[in-house]
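Coordinates in review
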Amino acid sequence: MKMMLLSLTFFLSTAASYSQVKTDSTTQGISISSQKLLLDQSKSQKKAGKILFWGGIGLLVTGVATYEVPFYPLGRPAVEEEVDNTFPIVLMVTGVLSSVIGVVQITAAKRSKAKALSMVIHQKRISVIQQGAFTSKPAPALGLQVTF
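Residues numbered from 1 in each chain as written. Predicted model: local features only at pLDDT ≥ 70, side-chain atom pairs only at ≥ 80, totals over all residues. Heavy atoms only, no water.

According to the stated counting rule, one finds one aromatic pair in the structure shown. Seen from their ring centres, Phe 53 and Trp 54 are 5.1 Å apart, and the 80° between their planes marks the pair as edge-to-face. (Phe/Tyr/Trp six-rings, centres within 6.5 Å; stacked < 30°, edge-to-face > 60°.)

Structure below.
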């Protein structure tokens, strides 16, 4: 009994792992949806990249504008004041990092768009073995090629 239960569990896990998903009869719908997903991903990456880039530029400008440089028009005083520029420096570093990440996102968006546009459907013939015969019959098949 234990062996049968273990065999059944193994069979079900194997069948679930190697099973095929039933698709539509048209392969055009499958490629268009993949293309649409990649184009949507590209659009969202581009939007996020622009927000990060321009937000980073804004942070950088704000950090530079609020940075205090001690200015002494009549020469150095005997007692110098200490200026705390921690917050402007944090703003500038965050702005530079955000801009770099934005540029990376925009580049990834261009690559996703190029991937979506490079999807090709090609036709070829495959051999299908006929039942009851030792010969194979060529049958048309559609393949989807995505270049990375």
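The discussion continues.
Time to look at the side chain of Ser 99. Among the secondary structure elements, Ser 99 is positioned in helix H3 (residues 86–117). Classification of Ser 99 by relative accessible area gives buried; the value is 10%. Beyond its immediate sequence surroundings of up to four residues, Ser 99 is in contact with Leu 52, Phe 53, Gly 56 and Ile 57. (Helix = DSSP H or I, 4+ residues; strand = E, 2+ residues; numbered from the N terminus. Buried < 20%, exposed > 50% of the residue type's maximum accessible area, 1.4 Å probe, protein only. Contact = heavy atoms within 4.5 Å.)

A separate point is a positive patch on the surface. Among the surface-exposed residues, Lys 46, Lys 50, Lys 110 and Lys 113 lie close enough to one another that they form a single positively charged patch. The set of elements that each furnish at least two residues to the positive patch consists of helix H2 (27–66) and H3. Among the structural elements, Lys 110 can be located in helix H3. Using a relative accessible area of 61% as the deciding quantity, one classes Lys 110 as exposed. (Patch = residues over 30% accessible without salt bridge, like charges linked within 9 Å, V, L, I, M, F, W, Y side chains within 5 Å. Areas by Shrake-Rupley, 256 points an atom, 1.4 Å probe, with all protein chains shown as cover. Salt bridge = Lys/Arg side-chain N within 4 Å of Asp/Glu carboxyl O. Lys, Arg positive; Asp, Glu negative; His and termini not counted. Charge placed at Lys NZ, Arg CZ, Asp CG, Glu CD.)

Here the focus is the pattern of salt bridges. Close approach of charged atoms lets side chains of opposite charge pair. Enumeration over the complete set of coordinates arrives at one salt bridge. The salt bridge partner of Asp 40 is Lys 36, with a shortest N-O separation of 3.3 Å. Here Asp 40 pairs with Lys 36, and both are found in helix H2, just four residues apart, close to one helical turn.

Turning our attention to the side chain of Ser 112. Here Ser 112 lies in helix H3. Ser 112 has contacts with Leu 38, Gln 41, Ser 42 and Gln 45, leaving out every residue within four places of it along the chain.

The end-to-end C-alpha distance of H3 is 47 Å, a good match for the 46 Å that 32 residues give at a rise of 1.5 Å each. Buried within H3 are the following residues: Pro 88, Leu 91, Met 92, Gly 95, Ser 98, Ser 99, Gly 102, Ala 109, Ser 112 and Ala 116. (Expected span 1.5 Å × (residues − 1).)

With that settled, consider the environment of Glu 80. Here Glu 80 is to be found in the loop between H2 and H3. Considered as a pair, Glu 80 and Pro 70 are ten residues apart in the sequence and their alpha carbons are 8.9 Å apart.

What follows deals with the confidence of the model for the protein chain. Averaged over every residue, the pLDDT of the protein chain is 77; the share at 70 or more is 65%. Predicted confidence in the protein chain is weakest over strand S1 (residues 120–129), with a mean pLDDT of 59, and strongest over H3, with 92. Note on residues 25–31: pLDDT is under 50 here. Beyond four places in sequence and across chains, it has seven contacts. (pLDDT = per-residue confidence, 0-100.)

On to a nonpolar patch on the surface. On the surface, Tyr 67, Val 69, Ile 89, Val 93 and Leu 97 cluster together to form a nonpolar patch covering roughly 470 Å² of accessible area. Along the chain, Tyr 67 turns up in the loop between H2 and H3. Classification of Tyr 67 as partly exposed rests on a relative accessible area of 37%.

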